[in-house]
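Listed here are the chains, written in short residue letters.
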Amino acid sequence: MVSYGHMELLKQVTGRQWAIGAGGLVILALVILGVARQAKAPNLLEGAATSTPAVATSTPTTATSTAPSAAPQTAYEGPFPINKADTIVSWNFKGPYAGNDTLIAQANADIAHLTSLVGGGKYDEYDLYNGIANDYSSLGDGTTAYRYYNRSIEVHPNKGLAYANLAHLLDQLGAYHTAADAYAKAVAVEPGMLEYHLERLTYLTRQFPKDTALITAAFTDASKQFGDNASILAIEAEWLEGQGRYADAIKAWQTAKMLSPGKDTTAIDAAIARDQAKQ
């Protein structure tokens, strides 16, 4: 798991802000990888300010944070099925809106609004389904979120956003191999999107840190597209540190520093010094 200190370091290297995202409240402002996060995670809109969802002043009367009883794992198989290596014990989880009646009401209202737009022809249904799925994910309803992400994929199977959002949901559901598959698919269909590579690498190095072959292949995929890139190298350096490969980590940090002219690299220098002391 990336520590908060390392998040700050990565922010200095990449120029990205770290924020809690909210999904699907305005269809024209769908945030890339806009699944609501329980923990701090990268806001992939370059230069976006750190923020939390706006809280309305009205008090809901019928909102609920409890998702319907989870359907069996085999109840729905869309174009992106669950990996046979995974077993989802429960499709319900504590979503980031749990306990906040105002945000729950907003999500339910947003679901109703986006659903009313489906079939109208004014908006791409890919975006509508993504937004609806994001709302259900915020409510902790994994079953319905999974179905709507799959509907989105059915509309545009060669767009990466739904796969990346689906991967985040599957991670929350404990379907770790399926999440890895979804991140890989996002990268495969849109290899030129750096954000998908960063999400994939961050996930794999956290969830499968010992699977050197899997992670090396993912870094190779990213390098083919972007060459030496400070954001990618920062993730790689942290992973190498975790594997005790301090000399390799130092090289990665040094290259990341070289690729970060004009930025405050104090944290990188501290990381290099730390790794040098451990050699």
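In short, a report on the structure. (Residues numbered from 1 in each chain as written. Predicted model: local features only at pLDDT ≥ 70, side-chain atom pairs only at ≥ 80, totals over all residues. Heavy atoms only, no water.)

This part takes up the overall build of the protein. Across its full length, the protein holds 11 helices and 2 strands. Counted from the first residue to the last, the protein has its helices and strands arranged as α-β-β-α-α-α-α-α-α-α-α-α-α. Looking at the 279 residues of the protein, the share that counts as buried comes to 46%. If you take every contact in the protein between residues at least 6 apart in sequence, the share linking residues at least 24 apart comes to 67%. Taken as a whole, the protein presents about 12700 Å² of accessible surface, with 53% of it coming from carbon and sulfur. (Helix = DSSP H or I, 4+ residues; strand = E, 2+ residues; numbered from the N terminus. Buried < 20%, exposed > 50% of the residue type's maximum accessible area, 1.4 Å probe, protein only. Contact = heavy atoms within 4.5 Å. Areas by Shrake-Rupley, 256 points an atom, 1.4 Å probe, with all protein chains shown as cover.)

What follows is about the side chain of aspartate 275. Relative to the helices and strands, aspartate 275 is located in helix α11 (residues 266–278). Although buried, aspartate 275 forms no salt bridge, and the nearest oppositely charged side chain, arginine 274, lies 4.2 Å from it. Apart from the residues within four sequence positions on either side, aspartate 275 is in contact with Glu241, Tyr246, Ala249, Ile250 and Trp253. (Lys, Arg positive; Asp, Glu negative; His and termini not counted. Salt bridge = Lys/Arg side-chain N within 4 Å of Asp/Glu carboxyl O.)

A few words now on the environment of lysine 185. Here lysine 185 shows up in helix α6 (residues 176–189). C-alpha separation for the pair lysine 185 and lysine 159, spaced 26 residues apart in sequence, amounts to 9.4 Å. Not counting residues up to four positions away in its chain, the partners in contact with lysine 185 are Phe80 and Tyr163.

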